[in-house]
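Listed here are the chains, written in short residue letters.
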Amino acid sequence: MSPHAAKKSKTPVSPEQGERAMIEGILEGSPDAVGVAVIRLDCGCRKMAAVDRHGDPASKIIMYRDNAESICDQCKADNGDFFRVVKQFIHWKTPEPDVPTQEMILDKVLGPQH
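Bear in mind that the values here come from a model prediction, so they are computed numbers and not experimental data.

Undergrad: Just checking my understanding: could you explain helix H1 (residues 17–28) for this structure?
TA: Given 3.6 residues per helical turn, the α-helix brings residues three or four places apart onto the same face. The terminal C-alpha atoms of H1 lie 17 Å apart, and with 12 residues this matches the ideal 16 Å at 1.5 Å per residue to within 8%. Every buried residue of H1 is listed here: Glu-19, Ile-23, Ile-26 and Leu-27. Angularly, the buried residues of H1 cover 95 degrees about the axis, an arc narrow enough to put them on a single face. Exposed side of H1, more than 90 degrees from the buried face: Gln-17, Ala-21 and Glu-28 are the residues found there. The inward-facing, buried residues of H1 abut strand E1 (33–41), strand E2 (45–52), strand E3 (62–65) and strand E4 (85–92).

The following block contains the structure:
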């Protein structure tokens, strides 16, 4: 596996402290959301978006970097290219969708190799 390939783990990932506030804000502004896709990039920037029960976007994609006024220059140039993903997961809203629905959404949003 290349150093830039996304880590694929079946263990649940917990959001980091800085991500939690963003997730809550995205969920608050997205009434149809069942979760928020979180994509961590190798530069430290993050991409997030709410997803609905069909796996469709329920918000705009938000890119940010903790403790910074804006995203990094590399993300500005390539919009957070997929090849730079180091971790991706969906933080589910409570109550969580059933497991088959979660798997369908994960496959649609993050790809079958999530």
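Undergrad: Quick question: what am I supposed to make of the side chain of Ser-30 here?
TA: Secondary-structure assignment places Ser-30 in the loop between H1 and E1. Filtering out sequence-adjacent residues up to four positions away, Ser-30 remains in contact with Ala-50, Ala-58 and Ser-59.

Undergrad: What's the story with the pairing of E2 in this structure? I'm lost.
TA: Within a regular strand, the side chains alternate between the two sheet faces. Counting buried residues along E2, eight of its eight residues qualify, which places the element largely inside the surrounding structure. Burial along E2 is two-sided: the face carrying Cys-45, Lys-47, Ala-49 and Val-51 and the face carrying Arg-46, Met-48, Ala-50 and Asp-52 are both buried. Where E1 and E2 come together, seven bridges link them in antiparallel fashion. Residue pairing across strands places Ile-39 opposite Lys-47, the latter belonging to E2. Connecting E1 to the antiparallel partner E2 that follows it, the hairpin turn spans three residues, and Gly-44 within it adopts a positive phi of roughly 100 degrees. Here E2 pairs with E3 via four bridges, running antiparallel.

Scoring rules and cut-offs
Residues numbered from 1 in each chain as written. Predicted model: local features only at pLDDT ≥ 70, side-chain atom pairs only at ≥ 80, totals over all residues. Heavy atoms only, no water. Helix = DSSP H or I, 4+ residues; strand = E, 2+ residues; numbered from the N terminus. Expected span 1.5 Å × (residues − 1). Buried < 20%, exposed > 50% of the residue type's maximum accessible area, 1.4 Å probe, protein only. Arc of directions from axis to C-beta. Contact = heavy atoms within 4.5 Å. Pairing = 2+ DSSP bridges.

On their own, these measurements won't tell you what the molecule is for.
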